[in-house]
Amino acid sequence: VDQCFESVFLSMKALEEVIREAQKLTEAAAKTQISPHAADYHYYKSFPEYKARVDEVQKSIQNTLLSCQAAVAPKSSKASPAVDWEDANEVREWVGFALDDCMEGVDAAIDLHRKAVRQQAHAEESATDGMGAAADAAPQVLPSQLGPVSNIGGAPKGLLRNLQAGRSRPQEAFGLPVDNSPKPFQHWAPHLASILPSTAAPAHGTEQASANPFAPVLAQLTYAPSHLDASAVCPPRPLEETPIAWVDTPEALTAMASELQGEQHIAVDLEHHSYRSFQGFTCLMQLSSRTKDYIVDTLALRQQVGPALIGIFANPATVKVLHGADHDVLWLQRDFHLYLVNMFDTGQATRVLSYPSNSLAFLLEQFCDVKADKRFQLADWRARPLSPEMLDYARGDTHYLLYCFDRLKQELVNLGDQVPPSLQV
């Protein structure tokens, strides 16, 4: 164990040295002012002298990153994949993998330390009882049996995910096994029959079963005058004055669905887990009305969420407000067979309005004077129970969203004919 800790410690020290060198290189590159505006980059790179200097700096950065990898995993037997150093996204992903290796080393050292402590405690207990058991006869402690690392509420981004690497796999308890086959997704589910009574259940595996069953409904969707009215703006209630419900039983889910029935607007967000999972899965669903916040444990209620909420999500009289819903739409369909009929995406609205930023954090600060805490963007949302800080983070994603929707709708109405024809309703 001591050797493992020493190895990780030395790797971290070496990594710190490499990072300091990288900072020096970055500062030197900035002082040389060799980087023109992005639009002019390729033009300038056609000049041999400029290209040579760029290649020199790129080579230095490349060597620094490779030194980082050697410091993090000096004994790694895995062959490193070829990296296109001209592709920023590929380099970013490569750096992410290197950081993952670093954190896995820390995680392994912690597991070994805990195992040794427990074995020693067991040996001492056995000696006290007169059993005389040797320490090496102590039961083996698996990583999945270890509790979460204490005091990780303020951990930096990425650390939560890696420290929870030994957590048991919640998908093993799913009532229906996850389908990882490459065949087309089958949209139809039995609970859709209550919403689409005139649509016969298609045969499994047919082209009809792979089509969105709500496509005809969406094609004929019309908006009520109240949906287009931007005169009413409802400021959000303070968090401390707003009731919140943790929903993790079928009874609580039914009660929440009953309370949300008839609401004109509902804010929705999801927390998803994809680290070392082929498709990933939804761990949490947050919903907010004008008067109450809800957090749904979708791991415990994976099979019940779809039947309970399809009547709300597919109801065109209720506007579902999401921010940056591209992935949320996919996850809702894949995990719960939930389909959104009448949705407003605040992220897309910021693009139409040419905002300087399209993030939810920008909207919260702009409209609500709230500084979003993004420490938990990469948190392990499989964790149960969730810490108070994680609950506050999850709740904040929907609590203020309906007010942001009101304000954005006002600005869109004021744009009038300036809104592109393809986006007008």
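Undergrad: Would you take a moment to explain helix α8 (residues 250–260) for this structure?
TA: An α-helical turn contains 3.6 residues, so any two residues separated by three or four positions project in the same direction. Within the span of α8, buried status applies to L253, M256, A257 and L260. Along the axis of α8, the buried residues cluster in a sector spanning 100°; they form a single face. Relative to its buried face, α8 has exposed residues pointing more than 90 degrees away, namely E251, T254 and S258. Next to the buried residues of α8 lie β1 (244–247), β2 (265–273), β3 (281–288), β4 (293–297) and α9 (302–313). Directly beyond the C-terminal end of α8, a positive phi value near 90° is found at G262.

Undergrad: Looking at this structure, how should I read the pairing of β3?
TA: One face of the sheet, then the other: side chains in a regular strand alternate in exactly this way. Taken across its eight residues, β3 has eight buried, putting it largely inside the fold. Here β2 pairs with β3 via seven bridges, running antiparallel. Directly across from H272, in β3, lies its bridge partner T282. Where β3 lies against β4, five bridges are found, and the strand directions are antiparallel. Each residue of the ladder has a partner; that of L287, found in β4, is Y294.

Undergrad: What should I look at first to understand the packing of aromatic side chains in this one?
TA: Both the distance between ring centres and the angle between the ring planes are used here to describe each pair of aromatic rings. Under the defined criterion, the tally for this structure stands at six aromatic pairs. Taking NZ or CZ as reference, R302 lies 4.2 Å from the ring centre of F174, over its face.

Undergrad: Even after reading the chapter, I still don't get the side chain of S288, so can you show me in this structure?
TA: Along the chain, S288 turns up in strand β3. Taking the relative accessible area as the measure of exposure, S288 reaches 0% and is therefore buried. Beyond its immediate stretch of four places on either side in the chain, S288 contacts H265, I266, A267, D293, T398, H399 and L402.

Undergrad: How should the pattern of salt bridges be read in this particular structure?
TA: Where charged atoms of side chains with opposite charge meet at close range, the side chains can pair. Summed over all chains, the structure comprises 13 salt bridges. The closest approach of N and O atoms between R53 and E56, which form a salt bridge, is 3.1 Å. With R53 and E56 both in helix α3 (residues 48–72) and three residues apart, this pair spans about one turn of that helix. Given a relative accessible area of 46%, E56 falls into the partly exposed group. Several salt bridges share partner residues, and in doing so they unite R302, R334 and D335 into one network.

Undergrad: Explain the side chain of R382 here, please?
TA: By the secondary structure assignment, R382 is in the loop between α12 (360–368) and α13 (388–399). Given a relative accessible area of 11%, R382 falls into the buried group. A distance of 2.7 Å separates polar atoms of two side chains, one belonging to R382 and the other to D380.

Undergrad: Looking at this structure, I do not really get empty space enclosed by the protein. What am I missing?
TA: Taking a probe equal in size to a water molecule and rolling it over the atoms shows the remaining empty space. For the structure shown, the criterion picks out one cavity of 30 Å³ or more. Of the volumes computed, that of the largest cavity is approximately 100 Å³. Considering the residues around the largest cavity, the lining is formed by 13 residues, among which P236, R237, S289, R290 and H399 are closest to the centre. Considering only residue class, the lining of the largest cavity consists of five nonpolar, four polar and four charged.

Undergrad: Can you walk me through the pairing of β4 in this structure?
TA: A large share of β4 lies buried, amounting to five of its five residues. Of the two faces of β4, the one holding D293, I295 and D297 and the one holding Y294 and V296 are both buried throughout. Bridge count between β1 and β4: four bridges; the pairing is parallel. Residue pairing for β4: I244 is matched across the bridge by D293.

Undergrad: What is the right way to look at the sheet that holds β4 in this model?
TA: Note on sheets: strands pair through backbone hydrogen bonds, and any given pair is parallel or antiparallel. Pairing within the open sheet is mixed, and its six strands lie in the order β1-β4-β3-β2-β5-β6. If you trace the sheet from one side to the other, it starts and ends with β1 and β6 (343–345), each paired once. Each neighbouring strand pair of the sheet contributes to a mean axis angle of 25°, computed without reference to strand direction. Inspection of the sheet shows strand β5 (residues 319–322) paired to β6 by three bridges, in the parallel sense.

Undergrad: Just to check I follow, could you spell out the environment of G280 for this structure?
TA: With respect to the helices and strands, the residue G280 is situated in the loop between β2 and β3. In sequence terms G280 and W331 are 51 residues apart; their C-alpha atoms lie 8.9 Å from each other.

Undergrad: Looking at this structure, how should I read the environment of H337?
TA: With respect to the element layout, H337 can be found in the loop between α10 (326–336) and β6. In this structure H337 comes out as buried when scored by relative accessible area, which is 16%. Considering only alpha carbons, one finds H337 and Q303, 34 residues apart in sequence, at a separation of 9.7 Å.

Undergrad: How should the packing of α12 against helix α14 (residues 401–415) be read in this particular structure?
TA: Helix-helix packing is characterised by the crossing angle of the two axes and by the distance between the axes. Viewed as axis vectors pointing N to C, α12 and α14 meet at an angle of 80°, and their least axial separation amounts to 10 Å. Considering their axes alone, α12 and α14 lie roughly perpendicular with respect to each other. Counted together, L360, L363, L364, F367 and C368 of α12 and L401, Y403, C404, R407, L408 and E411 of α14 form the full contact between these two elements. Its residues assigned to classes, the contact of α12 with α14 shows nine nonpolar, no polar and two charged.

Undergrad: Help me understand unusual backbone geometry in this model?
TA: With the exception of glycine, most residues fall at negative phi, and the peptide bonds are largely trans. A cis amide bond, omega 0°, links R384 with the succeeding residue P385. Tracing the backbone through its elements, the reader meets P385 in the loop between α12 and α13. Unlike most non-glycine residues, H337 shows phi in positive territory, near 50°. Phi at N342 is positive, roughly 80°, even though this residue is not glycine. Secondary-structure assignment places N342 in the loop between α10 and β6. Assessed through its relative accessible area of 5%, N342 is described here as buried.

Rules used in this analysis
- Residues numbered from 1 in each chain as written.
- Predicted model: local features only at pLDDT ≥ 70, side-chain atom pairs only at ≥ 80, totals over all residues.
- Heavy atoms only, no water.
- Buried < 20%, exposed > 50% of the residue type's maximum accessible area, 1.4 Å probe, protein only.
- Helix = DSSP H or I, 4+ residues; strand = E, 2+ residues; numbered from the N terminus.
- Arc of directions from axis to C-beta.
- Contact = heavy atoms within 4.5 Å.
- Pairing = 2+ DSSP bridges.
- Phe/Tyr/Trp six-rings, centres within 6.5 Å; stacked < 30°, edge-to-face > 60°.
- Lys NZ or Arg CZ within 6 Å of the ring centre and 35° of its normal.
- Salt bridge = Lys/Arg side-chain N within 4 Å of Asp/Glu carboxyl O.
- Polar contact = N/O pair within 3.5 Å; in protein donor to acceptor, adjacent residues only side chain to side chain.
- 1 Å grid on protein atoms, 1.4 Å probe; cavity = no way out; pocket = protein on both sides within 12 Å on 5 of 7 lines; lining within 4 Å.
- Points joined across faces, edges and corners; volume = space filled by probe spheres on them.
- Nonpolar A, V, L, I, M, F, W, Y, C, P; charged D, E, K, R; others polar.
- Axes fitted to C-alpha atoms, helices over the stretch in contact; angles between N-to-C directions.
- Parallel < 35°, antiparallel > 145°, perpendicular 65-115°, else oblique.

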